[in-house]
Amino acid sequence: FSQFAQLDLLTGQPHPEDEVLYAMAMVAPYCSLGGPYTFRAKLTPGPGKKGQVAKQCLKMFEAQIDKQAWKLLVQAIPENDTASLMMGSCKASMPGMQKLQQQVVKDKKKEKKERDVAPGRK
């Protein structure tokens, strides 16, 4: 393969039947991410620390993914590497973010409840 042919193998919009081998975080102007990327968040100056915002974004992306193999790839993205790409203090926004945040909180509560109940029962 030439270097250009290898670049053509990269995609921001994987199809469900695609075999995805690696996921990586990247930062670019939001308008340039519109078409070619399925999972994206808009970063704007705000009160959040970039480490917390990076963790939040990765959790939101993970919540949007149906395939378990892809979720594992997103979980493997180092939060420190993601945070190092971001501006100092910022906030993230994305379409449907409130709904996703509520779902993540609901899932955490459900997991905690199952853990607390499971050891007491036989």
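Just so it is clear, the structure is predicted and the values come from calculations on it, not from any experiment.

A. Representation of the nonpolar core within the structure. Ranked by internal contacts, the top residues of the largest apolar core, which has 19 residues, are V53, C57, F61, M86 and M94. For this core, the elements supplying multiple residues, two or more each, are α3 (50–64), α4 (68–75), β2 (89–93) and α6 (97–117). The biggest single contributor to this core is α3, with six residues. In this view, V53 contacts L43, G48, M86, C90, K91 and A92; residues no more than four positions away in its chain are not counted.

B. Summary view of the packing of aromatic side chains. Summed over the entire model, instances satisfying the criterion amount to one aromatic pair. Relative to F61, the ring of F39 lies with its centre 6.3 Å away and its plane at 55°, an arrangement referred to as tilted. Taken as a pair, F39 in the loop between α2 (30–33) and β1 (42–49) and F61 in helix α3 lie far apart in primary sequence, 22 residues in all. Overall, the relative accessible area of 29% leaves F39 in the partly exposed class. For F61, a relative accessible area of 15% puts it in the buried group. Of note, K42 hangs over the ring of Y30, and the distance from its end group to the ring centre comes to 5.9 Å.

About the cut-offs
Residues numbered from 1 in each chain as written. Predicted model: local features only at pLDDT ≥ 70, side-chain atom pairs only at ≥ 80, totals over all residues. Heavy atoms only, no water. Core = buried A, V, L, I, M, F, W, Y, C linked by side-chain atoms within 4.5 Å. Buried < 20%, exposed > 50% of the residue type's maximum accessible area, 1.4 Å probe, protein only. Helix = DSSP H or I, 4+ residues; strand = E, 2+ residues; numbered from the N terminus. Contact = heavy atoms within 4.5 Å. Phe/Tyr/Trp six-rings, centres within 6.5 Å; stacked < 30°, edge-to-face > 60°. Lys NZ or Arg CZ within 6 Å of the ring centre and 35° of its normal.

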